[in-house]
Amino acid sequence: MRRKKAVIVGIVTAALLIGGAAFGLDALDKAFPPPLEAAQQRSFEVLDRDGKLLRAFATPDGRWRLKTEADEVDPQFLRMLVAYEDQRFYDHHGVDPWALLRSAWQLASNGRIVSGASTLSMQVARLIEPRADRSFSAKFLQAARALQIERRLDKAEILDLYLNIAPYGGNLEGIRAASLAWFGKEPGRLDTAEAALLVALPQLPEKRRPDRFPDAAKQARERVLQRLAVERVVGEGEAERAASAAVPVNRRDLPSFAPHMAVAARAKFQNAPEARSTLRLPIQRELEGVARHAAEKLGDKVSVAIVMADAQTGDILAEVGSADYLDTARRGFVEMSRAVRSPGSTLKPFIYGLAFEDGLVGQETIIEDRPVDFSGYRPRNFDMHYQGDVSIRQALQLSLNVPAVKLLDAVSPSALMVRFRRAGVKLVLPANEAPGLAIALGGAGISLVDLVQLYAGLVGSGDPVRLGDGVRAIPERLEGDRLFSDAAIWNVTDILSGVLPPLGMKQRGIAYKTGTSYGYRDAWSVGYDGRHVVGVWVGRADNGAVPGIAGYATAAPILFEAFAKSGVAVTPMPAAPSGIARVAVSDLPANQRRFTTTANGLLSASRRESPPRIVYPPEGARVELSSQSGISPLVLKLQGGRAPFRWLANGLPLPDASHRRNSEWRPEGQGFSTLTVIDADGRASSVRVFVE
């Protein structure tokens, strides 16, 4: 009986001791957890739209530690790592007792350490809590920490942690930074030699750095390949073949694309681990090369900026802020894609768009290109020569200055500014000045990004869209109406599509316009296909003159090369809207066959009369015409002007001219429409209405 009681007391005592020990260990574990938080620190990464690395920034302590997960790493590397470092990784709980026994036996038999017993979990413990000494007490603490880590993380998380913080020489930490620095590639596809080197480096990363100690790196790689467990992973004969491969002797730079945007993204998302951009790495890489090579040919201080955007989504696909971010002579740190500069003649297509929409001209309308005086403002052509009578099509393709100013005088600079605001763009005007005729020739300021945004309104559906800073996730459609009517957009695009490509360049099925600012400070070229817009700026960041540069000769070749190197297939232009076509001047309405102007103050008696003005419907009106029987006609009323009057709806003339000031128009459907009336002297008035 006493013996039975003693046994019971012993069992209870042992249970209490075990329970107390377990409770105490659990309390210690909670009181002194492993410092896992420090291991979570990563480099800030800027990614392209597909998740590819554009640029990373070192951690605050100057280390390159890029986020990596096991499923992003070559599977053979993972198998080699486990086979070499910790064969029973998936079976133990942080400490491998069989490895401990083997290591102890080898130590006792040889009097020295032959092989270690560190598991991957113990190595993670050592990396997150480094100690200078390599004593048995340090090993014991590593083992204890490994047990703690295994209580908190599963095997996949421990492996991910190792892949992120293992040292690979210098300030490289993690397999992704190492793979990019030593091989110039992501770790998703490593050959056997590369994988073996990356397995070997973390053991002695400074003594095995390939760029400093290539022989030591090669020997360490061979030891990995000669391990029997590794040889089983890579296959018979593969280890011998991999051992003959050369080791890299130079450390490569990590990706550093779109530097201006990346710096802005880092400042914008300070508390985030990464920023996803709208850029596409292959396009960005190619266009940066285009800009760099072009600038090298143009001079030491010349810079180049390029922007490519998707007009359908509003995404910026590539943005090159300067020819070389690190080139101080070119002031590469200045983001010229967003600097405000004089646009030269690149705004002319929008003047013509207004004139087409208002029904003032057709493509074959004759306009005079001769010296003219607008109350003291005397525009001259770039080459100081004049062409005489030309068609509207020729005037825009040749970028003649006088016709553009005449048209702007007719449609008014204020109306042009309204259209720019509709596209989300505001020109920078000289201080305290109202919009004037000089806008036609670059007498205002705009950035390359905003200029591309304007041209996006001429692409496809013609819906304005706001381009972002390259890192927003959701495209921003602008509230309100389209930039121009379908007919106006088609006419402008048809004309610009007919401009000859630069000398030596192939026709690429794009519409484009060039411009040169006063004093040869800026050369521009903007082009588009049925979906994409590319804008190019060339000049000096310090606003100095570059003698000889010009939009057509300097910027346009870069534009065509950018389209070619982007790798994006050219999207065909939309077909002409129904009822719209290019017609001979003799087939135009009488008041569109020749454009007249009020310049030089030469006003006929009829011109002294007030110009026509539409009084109904008023500008911006919403009129309800739908009924069960269909859409009712809309009554049109005007005042002033000289008969006969020609009415146009969305750029298309109504059947007959009229001497009456009242008329009717039956819309084809609901939505926005532009109504224009032109009198016998070619004066016009337009309103925009919404038919319900």
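Residues numbered from 1 in each chain as written. Predicted model: local features only at pLDDT ≥ 70, side-chain atom pairs only at ≥ 80, totals over all residues. Heavy atoms only, no water.

(A) Structural view of the packing of helix α3 (residues 75-85) against helix α7 (residues 155-165). Here α3 crosses α7 at 100°, and the two axes come no closer than 13 Å. If you check the angle between α3 and α7, you find them roughly perpendicular. Facing α3, whose interface residues are Phe 77, Leu 78 and Leu 81, α7 presents Leu 159, Tyr 162 and Leu 163. In terms of residue class, the contact of α3 with α7 is made up of six nonpolar, no polar and no charged. (Axes fitted to C-alpha atoms, helices over the stretch in contact; angles between N-to-C directions. Helix = DSSP H or I, 4+ residues; strand = E, 2+ residues; numbered from the N terminus. Parallel < 35°, antiparallel > 145°, perpendicular 65-115°, else oblique. Contact = heavy atoms within 4.5 Å. Nonpolar A, V, L, I, M, F, W, Y, C, P; charged D, E, K, R; others polar.)

(B) Looking closely at the pattern of salt bridges. Counted under the stated rule, the structure contains 29 salt bridges. Of the charged contacts, one joins Asp 211 and Arg 209 as a salt bridge, the two residues approaching to 2.7 Å between their closest N and O atoms. Since its relative accessible area comes to 26%, Asp 211 is described here as partly exposed. Residue Arg 209 is classed as buried on the basis of its relative accessible area, which comes to 7%. Residue Glu 335 pairs with Arg 338 through a salt bridge whose shortest N-O separation is 3.7 Å. (Salt bridge = Lys/Arg side-chain N within 4 Å of Asp/Glu carboxyl O. Buried < 20%, exposed > 50% of the residue type's maximum accessible area, 1.4 Å probe, protein only.)

(C) Up close: helix α14 (residues 281-298). Between its first and last C-alpha atoms α14 spans 26 Å; for 18 residues at 1.5 Å apiece the expected length is 26 Å, and the two agree. At its buried positions, α14 is contacted by β2 (53-57), α13 (259-268), β6 (302-310), β7 (315-320) and α21 (551-565). At the exit of α14 stands Gly 299, carrying a positive phi of roughly 140°. (Expected span 1.5 Å × (residues − 1).)

(D) Local environment of the sheet that holds strand β13 (residues 522-528). Ordered in space as β7-β6-β14-β13-β12, the five strands form an open sheet in which the pairing is antiparallel. One side of each edge strand has no neighbouring strand; the edge strands of this open sheet are β7 and β12 (511-516). Sheet twist, expressed as the average angle between the axes of neighbouring strands with direction ignored, equals 10°. As defined by bridge partners, β6 adjoins strand β14 (residues 532-540) across nine bridges and the pair is classed as antiparallel. The residue of β14 that forms the bridge with Val 302 is Arg 540. Here helix α20 (residues 486-497) sits on the sheet in contact with β12 and β13, set at roughly 75° to β12. (Pairing = 2+ DSSP bridges.)

(E) Just the layout of surface pockets, in detail. By volume, the second largest pocket amounts to about 1100 Å³. Lining the second largest pocket are 38 residues, and of these Ser 345, Asn 381, Phe 382, Asn 401 and Thr 516 lie nearest its centre. Mapped onto the lining of the second largest pocket, the elements with two or more residues apiece are α16 (392-397), β12 and α21. (1 Å grid on protein atoms, 1.4 Å probe; cavity = no way out; pocket = protein on both sides within 12 Å on 5 of 7 lines; lining within 4 Å. Points joined across faces, edges and corners; volume = space filled by probe spheres on them.)

(F) A look at the packing of aromatic side chains. Inspection of the entire model under this criterion finds eight aromatic pairs. For the pair Tyr 455 and Tyr 528, a centre-to-centre distance of 6.2 Å together with 55° between the ring planes defines the contact as tilted. In this pair, Tyr 455 sits in helix α19 (residues 448-456) while Tyr 528 sits in strand β13, placing the two residues 73 residues apart along the sequence. With respect to class, Tyr 455 is no different from Tyr 528; both count as buried. When the centroid spacing of 5.1 Å and the interplanar angle of 85° are considered together, the rings of Tyr 512 and Phe 560 count as edge-to-face. In this pair, Tyr 512 sits in strand β12 while Phe 560 sits in helix α21, placing the two residues 48 residues apart along the sequence. Of the aromatic side chains, those joined through ring pairs into one cluster are Phe 350, Phe 420, Tyr 455, Phe 484 and Tyr 528. Here Lys 155 stacks its cationic end above the ring of Phe 89, 4.6 Å away from the centre of that ring. The lysine or arginine in question, Arg 622, covers the ring of Phe 690, its NZ or CZ lying 4.2 Å from the ring centre. (Phe/Tyr/Trp six-rings, centres within 6.5 Å; stacked < 30°, edge-to-face > 60°. Lys NZ or Arg CZ within 6 Å of the ring centre and 35° of its normal.)

(G) How the structure looks around the sheet that holds strand β24 (residues 684-691). Ordered by their spatial adjacency, five strands build an open sheet running β16-β24-β23-β20-β21, and the pairing between neighbours is mixed. Each edge of the open sheet is held by one strand with a lone partner, namely β16 (622-623) and β21 (652-653). Two elements, strand β23 (residues 671-678) and β24, share eight bridges in a ladder whose sense is antiparallel. Looking at β24, one finds that Thr 674 is bridged to Arg 688.

(H) Looking closely at the confidence of the model for the chain. Per-chain confidence: the chain averages 86 in pLDDT, with 88% of residues scoring 70 or above. Contacts from residues 14-25, a stretch scored under 50 in pLDDT, to residues over four places away or in other chains number zero contacts. Overall, residues 599-608 carries pLDDT values under 50, and its contacts beyond four positions in sequence, including any with other chains, amount to 14 contacts. (pLDDT = per-residue confidence, 0-100.)

(I) Quick look at empty space enclosed by the protein. Summed over all chains, the structure comprises one cavity of 30 Å³ or more. Within this model, the largest cavity holds a volume of roughly 30 Å³. If you go around the largest cavity, the residues you meet are Ala 125, Arg 126, Glu 129, Arg 131, Leu 141, Gln 142 and Arg 145. Of all the elements in the fold, those that place two or more residues in the lining of the largest cavity are α5 (120-128) and α6 (136-152). A total of three residues in the lining of the largest cavity trace back to one element, the largest contributor, which is α6. The class makeup of the residues in the lining of the largest cavity is two nonpolar, one polar and four charged.

(J) Looking closely at the side chain of Ser 43. As for its position among the elements, Ser 43 is in the loop between α2 (36-39) and β1 (44-47). A relative accessible area of 1% means that Ser 43 is categorised as buried. At a separation of 3.2 Å, a polar atom in the side chain of Ser 43 contacts the main-chain carbonyl oxygen of Phe 57. Ignoring any residue separated from it by four or fewer positions in sequence, one finds Ser 43 in contact with Ala 56, Phe 57, Ala 58, Thr 59, Arg 63, Trp 64, Arg 65, Leu 66 and Pro 273. (Polar contact = N/O pair within 3.5 Å; in protein donor to acceptor, adjacent residues only side chain to side chain.)

(K) Spotlight on the nonpolar core. One finds Phe 350, Leu 407, Leu 458, Tyr 528 and Val 533 to be the most contacted residues of the largest nonpolar core, which totals 80 residues. Of the residues forming this core, the biggest block, seven residues, is contributed by α19. Look past the residues within four positions of Leu 407 in its chain and what remains in contact with it is Ile 351, Tyr 352, Ala 355, Val 361, Ile 367, Ile 392 and Phe 595. Among the nonpolar cores identified, the runner-up in size contains 59 residues, and Ala 125, Leu 159, Ala 196 and Ala 242 belong to it. (Core = buried A, V, L, I, M, F, W, Y, C linked by side-chain atoms within 4.5 Å.)

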